[in-house]
Amino acid sequence: KFNPAVMQPYEVGSVFKVITLAIGIDSGVIKPETVFNDTGTFNVMGIDIYNWDRGAWGPQTMIGCMQHSLNTCLSWIAEQITAPVFYDYLRKFHLDKPTGIELALEDYYPILQPGDEGWTEISLPTNSFGQGISLTPIQMVMAIGSVANEGKMMAPHVVKSMIIDGRQYEVNPVIVGTPLKPETATTLTSMLVTSLEEESSVALVEGYSVAGKTGTAEIPTEFGYTSSVTNTSFVGWGPAEDPKFLVYIWLEKPTISIWGSEVAAPVFSDIVKNLVVLMDIPPDNIRLQSASTTNGE
């Protein structure tokens, strides 16, 4: 059976901005309060990069850049990072290879880098907001999982244990890399909590603090990109101060709306409302209250 989560790389769009922002913070070129003045365009090689709404948002902190999902801002961040550092981080996130999950026919696309045929100066800024770079949902889950997990990236598994010749063998958690510093992960999670709350996102779940990012990606065709057909995504994790889950939504060619904020975000919210029950995760106020009691406060 075809499983797109591991078998279908696609241009993920703005959910990739989580990774670019993580690299920017971790490499020290930006801070949450860094201000970018958005004029509505970012020019590379004589070509203008625009925002999704063709708007100019003026001075924005990095939280504002994520909240309004500004392609111009992420392009600027990528240029501050520089191409060698950016692509070195993508290798640290293992985005240049399959994850090794125990599912058949896992696919991946190689990432074009400086020096490769087809890579040009405009590839860096467009890659920064998830265009011109194809990944599977499981690659994204593994990479962004490091943000939810204090910088530690875990090997994804669907197998808990195996019985061989009557003996049970556990599949233990394995850290496959630490692409980010713990403080980068904590800072970015906090930024993405604020971003969702300030935009009053439909991804929000009452009683629970969640971090997340929407994505809307035009689908490339032989005639170029088409705005009328999109891949919409949402990635989110929580509870924000002690994450227990990460959920990745991908809706291919939705018909109700072309925007991830309108179709993928509410699916995330619905899933998490059920997930916290299944995982027996109490709401923030109860969980934090019991934590402070346990700590003797």
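The structure presented is a predicted model; accordingly, all values stated were derived computationally and were not measured.

A.B. asks: I'm lost on the pairing of strand β11 (residues 211-221) in this one. Help?
C.D. replies: For a regular strand, side chains alternate in direction, first toward one face of the sheet and then toward the other. Note: β11 against strand β12 (residues 224-238), 11 bridges, orientation antiparallel. By the bridge assignment, G212 is partnered in β12 with G236.

A.B. asks: How should I be thinking about the nonpolar core in this particular structure?
C.D. replies: Generally speaking, soluble globular proteins have nonpolar side chains that are buried together. Counting residues in hydrophobic clusters, the biggest one holds 52 residues, and the most contacted among them are F16, I19 and L90. In contact with L90, other than residues within four places in its own chain, are F16, I19, I23, L95, D96, I111 and I133. Formed by 16 residues, the second largest nonpolar core is a distinct cluster that contains V205, Y208, V247 and A264.

A.B. asks: Is there a simple way to think about a nonpolar patch on the surface in this case?
C.D. replies: Nonpolar side chains collect at one region of the surface, where M162, I164 and Y169 lie side by side and expose about 270 Å² of accessible area between them. Considering the arrangement of structural elements, one finds I164 in strand β8 (residues 161-164).

A.B. asks: Can you walk me through the environment of I25 in this structure?
C.D. replies: Structurally, I25 is set in helix α2 (residues 17-26). Note on I25: relative accessible area 13%, which makes it buried. For the pair I25 and A104, spaced 79 residues apart in the sequence, the C-alpha separation amounts to 36 Å. Leaving out residues up to four positions away in the same chain, I25 has contacts with I30, T184, T187, L188 and M191.

Procedures and definitions
- Residues numbered from 1 in each chain as written.
- Predicted model: local features only at pLDDT ≥ 70, side-chain atom pairs only at ≥ 80, totals over all residues.
- Heavy atoms only, no water.
- Pairing = 2+ DSSP bridges.
- Helix = DSSP H or I, 4+ residues; strand = E, 2+ residues; numbered from the N terminus.
- Core = buried A, V, L, I, M, F, W, Y, C linked by side-chain atoms within 4.5 Å.
- Buried < 20%, exposed > 50% of the residue type's maximum accessible area, 1.4 Å probe, protein only.
- Contact = heavy atoms within 4.5 Å.
- Patch = residues over 30% accessible without salt bridge, like charges linked within 9 Å, V, L, I, M, F, W, Y side chains within 5 Å.
- Areas by Shrake-Rupley, 256 points an atom, 1.4 Å probe, with all protein chains shown as cover.
- Salt bridge = Lys/Arg side-chain N within 4 Å of Asp/Glu carboxyl O.

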